[in-house]
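# Overview (structure and organization)
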Amino acid sequence: MSDMLFKNLAAAPGDPILSISEAFRADTRAEKVNLSVGVYLDESGKTPILDVVKDAKFALAQSSIPHSYTAIRGLEGYRAAVQKMVFGADSEVVLSGRAATVQTPGGTGALKVGMDFMHYVMGVEAGATSVPTWGNHNALLQLANLKELHYPYYDAANHCVDFDAMMTGLKALPAKTLVVLHSCCHNPTGYDLNEAQWREVLQLCQTNGLIPFLDMAYQGFGKGLEEDAFAIRLFAESGMSFMVATSYSKSFNLYSERIGALTVVTQNAIEAQNVLTQLEGVIRCNYSTPPAFGGRIVEYVLSDPERYARWEVELTGMRTRIQRMRHALADEMARVGAKRDFAFVTHQAGMFSFTGLSPEQIDRLAKEYAIYAVRNGRFCICGLNDSNVKYVAQSVAAVL
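Every value quoted in this text rests on a predicted model; they were computed, and no experiment measured them.

### Remarks on the overall build of the chain
The helix and strand inventory of the chain stands at 15 helices and 13 strands. In terms of overall size, the chain behaves like a compact globule, its C-alpha atoms giving a radius of gyration of 21 Å where 400 residues would be expected to give roughly 21 Å. Long-range contacts, defined here as pairs at least 24 residues apart, represent 74% of the contacts in the chain between residues at least 6 apart. As presented, the chain carries roughly 17800 Å² of accessible surface, and 54% of it is formed by carbon and sulfur atoms. One way to put it: in the chain the 36 positive side-chain charges average out to a point 4 Å from where the 41 negative ones average out.

So, in structure tokens, the structure goes:
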């Protein structure tokens, strides 16, 4: 019997984004461009190590901290620094102690722990994501045994958020549905809600008994650290209970260190402590304790005002480069006389642009021009630079 155990097991399909990168690496054409993976790249096409991160790594090496287990909930200093950055140092949520924060392996780990907690501990039965959303959101819902629901979000014809349809979709969700919301830099569309729209979403969540789960993987890549935290702080000020997943892979270029956090905002400090113990139970069954190195780097930077300021300057530089490449792509598309106006890419925020290209057009870009992107038409703008943006624009124009 044991010899038959895996006989009928089919191979799982490859990750739709990572498999594109494999094809890109195998391509021998000199002009190839990778616009698929959501990783920040500088003008030379490399993921840079921030200067303030270099200093942190040196300081940690000099300190010779033993490689002992961290606490299940993670590094205390890191968790405190995350709360202050996300909610603001003077936030009532922070000062009252009614937020429970745990360190996680990246933003994905935060989403996984949060969804497991909501289903297996709190008894939540369903979760809803935007259409479209980051593909892993739906996979995580399924793995947590949450019924997968959806709400409209993107207006492809007008290149914007279809807010009326979004609100209609949210109103149709059953009470106690876990609603995943992109707090800034929506992935994959790049289109965010404005402040007035966020207030309407908040009121609807309160009125209809929905459970908000705000995902903020790109704080600082939209308008700035403070501005990008608007939605989370709005929900915090409302007094309702909700969850937040945050990641520092992008903002610190610490992709391989898997450093994130889950925060559950409750009604008071007693609830927060109870939630924290339950989160520890979920974590213990997932990965036991989080890795320390990335957390120590982030803590080193965020806990010191001078280092924090230096990091913010470097983060601003990354955001500015992305914005500049958005304008460069739009300008080049106009210069080559493309059949479509690409000015809409300058109105999107964050690392991604939903271009509106069809799967067939994306396939042609790869086959004929060695330009690789996700088949839903999403470009990672970070893959553009002064050396390739003209070639990309000419190639895109050719497949329209």
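From this point on, the discussion continues.
### Observations regarding the side chain of Ser288
Note on placement: Ser288 falls in the loop between helix H11 (269–286) and helix H12 (293–302). There is a polar contact of 2.3 Å between the side chain of Ser288 and the side chain of Arg284. If we ignore the near neighbours within four places in the chain, the residues touching Ser288 are Ile72 and Ile283.

### A short note on the nonpolar core
When a protein is soluble and globular, its nonpolar side chains tend to lie buried together. By size, the foremost hydrophobic cluster in this structure holds 102 residues, and its most contacted members are Phe87, Val201, Phe235, Phe242, Trp311 and Met351. Among the elements that make up this core, the one with the highest residue count is helix H13 (residues 305–335) (10 residues). Setting aside residues no more than four positions away along its own chain, Trp311 makes contact with Leu50, Val52, Met85, Leu225, Ser251, Phe252, Val301 and Leu302. By size, the runner-up hydrophobic cluster in this structure holds 27 residues, among which are Val102, Ala144, Ile211 and Leu279.

### Some remarks on H13
Spanning 31 residues, H13 covers 45 Å between terminal C-alpha atoms, matching the ideal 45 Å at 1.5 Å per step. Structurally, the start of H13 carries an N-cap: the backbone nitrogen of Glu306 is 3.1 Å from a side-chain oxygen of Asp304.

### So, the layout of surface pockets
One number sums up the size of the largest pocket: a volume of about 970 Å³. Looking at the largest pocket, it is lined by 39 residues, and the ones nearest its centre are Ile17, Trp134, Asn136, Asn187 and Arg378. Of the residues forming the lining of the largest pocket, the biggest block, 4 residues, is contributed by helix H6 (residues 135–143). A breakdown of the residues in the lining of the largest pocket according to their chemical character gives 20 nonpolar, 14 polar and 5 charged. Here the second largest pocket defines a volume of roughly 600 Å³. Lining the second largest pocket are 28 residues; nearest its centre among them are Asp192, Leu193, Asn194, Lys223 and Ala349. Elements represented by at least two residues in the lining of the second largest pocket include exactly strand E6 (160–161), helix H8 (195–208), helix H9 (225–228), helix H10 (230–238) and H13.

### Here's the deal with the sheet that holds strand E7 (residues 178–182)
Strand order in the open sheet made by the 7 strands is E2-E10-E9-E8-E7-E3-E4, with mixed pairing throughout. On the outer flanks of this sheet lie strand E2 (99–104) and strand E4 (147–152), each paired with one strand and no other. Each neighbouring strand pair of the sheet contributes to a mean axis angle of 25°, computed without reference to strand direction. Sheet topology note: the strand E3 (residues 126–131)/E7 ladder contains 2 bridges and is parallel. Paired with Gly127 across the strands is Leu178, a residue of E7. Of the strands in this sheet, E2, strand E8 (211–216), strand E9 (242–247) and strand E10 (260–265) touch helix H3 (residues 76–87), which is tilted by about 115° from E2.

### Things to note about the packing of aromatic side chains
If you walk through the whole model with that rule in mind, you get 12 aromatic pairs. Between Tyr40 and Phe221, the aromatic rings sit 6.4 Å apart at their centres with planes inclined by 50°, giving tilted as the arrangement. Pair noted here: Tyr40 is in the loop between strand E1 (33–34) and helix H2 (51–63) and Phe221 is in the loop between E8 and H9, with a separation of 181 residues, a long-range link. In this structure Tyr40 comes out as buried when scored by relative accessible area, which is 4%. Their ring planes at 35° and their centres at 5.2 Å tell us that Phe342 and Phe344 sit as a pair that is tilted. Looking at Phe344, the relative accessible area reads 7%, which means it is buried. Through pairs of rings, three or more aromatic residues link up here, namely Tyr78, Tyr248, Phe252, Tyr308 and Trp311. Above the plane of the ring of Phe24 lies Lys32, whose end atom (NZ or CZ) is 4.6 Å from the centre.

### Observations concerning the pattern of salt bridges
According to the stated counting rule, one finds 14 salt bridges in the structure shown. Notably, a salt bridge pairs Asp55 with Arg310, separated by 2.8 Å at the nearest N-O pair. With Asp55 in helix H2 and Arg310 in helix H13, this pair connects stretches of sequence that are 255 residues apart. Judged by its relative accessible area of 28%, Arg310 is partly exposed. For Arg98, the salt bridge is made with Glu92, and the minimal N-O distance between the two is 3.0 Å. For Arg98, a relative accessible area of 5% puts it in the buried group. Among the residues examined, Glu92 registers a relative accessible area of 45% and is labelled partly exposed. Salt bridges sharing partners connect three or more residues here, namely Glu43, Arg321, Arg324 and Asp386.

Conventions used here
Residues numbered from 1 in each chain as written. Predicted model: local features only at pLDDT ≥ 70, side-chain atom pairs only at ≥ 80, totals over all residues. Heavy atoms only, no water. Helix = DSSP H or I, 4+ residues; strand = E, 2+ residues; numbered from the N terminus. Rg over C-alpha atoms; globule rule 2.2 N^0.38 Å. Contact = heavy atoms within 4.5 Å. Areas by Shrake-Rupley, 256 points an atom, 1.4 Å probe, with all protein chains shown as cover. Lys, Arg positive; Asp, Glu negative; His and termini not counted. Charge placed at Lys NZ, Arg CZ, Asp CG, Glu CD. Polar contact = N/O pair within 3.5 Å; in protein donor to acceptor, adjacent residues only side chain to side chain. Core = buried A, V, L, I, M, F, W, Y, C linked by side-chain atoms within 4.5 Å. Buried < 20%, exposed > 50% of the residue type's maximum accessible area, 1.4 Å probe, protein only. Expected span 1.5 Å × (residues − 1). 1 Å grid on protein atoms, 1.4 Å probe; cavity = no way out; pocket = protein on both sides within 12 Å on 5 of 7 lines; lining within 4 Å. Points joined across faces, edges and corners; volume = space filled by probe spheres on them. Nonpolar A, V, L, I, M, F, W, Y, C, P; charged D, E, K, R; others polar. Pairing = 2+ DSSP bridges. Axes fitted to C-alpha atoms, helices over the stretch in contact; angles between N-to-C directions. Phe/Tyr/Trp six-rings, centres within 6.5 Å; stacked < 30°, edge-to-face > 60°. Lys NZ or Arg CZ within 6 Å of the ring centre and 35° of its normal. Salt bridge = Lys/Arg side-chain N within 4 Å of Asp/Glu carboxyl O.

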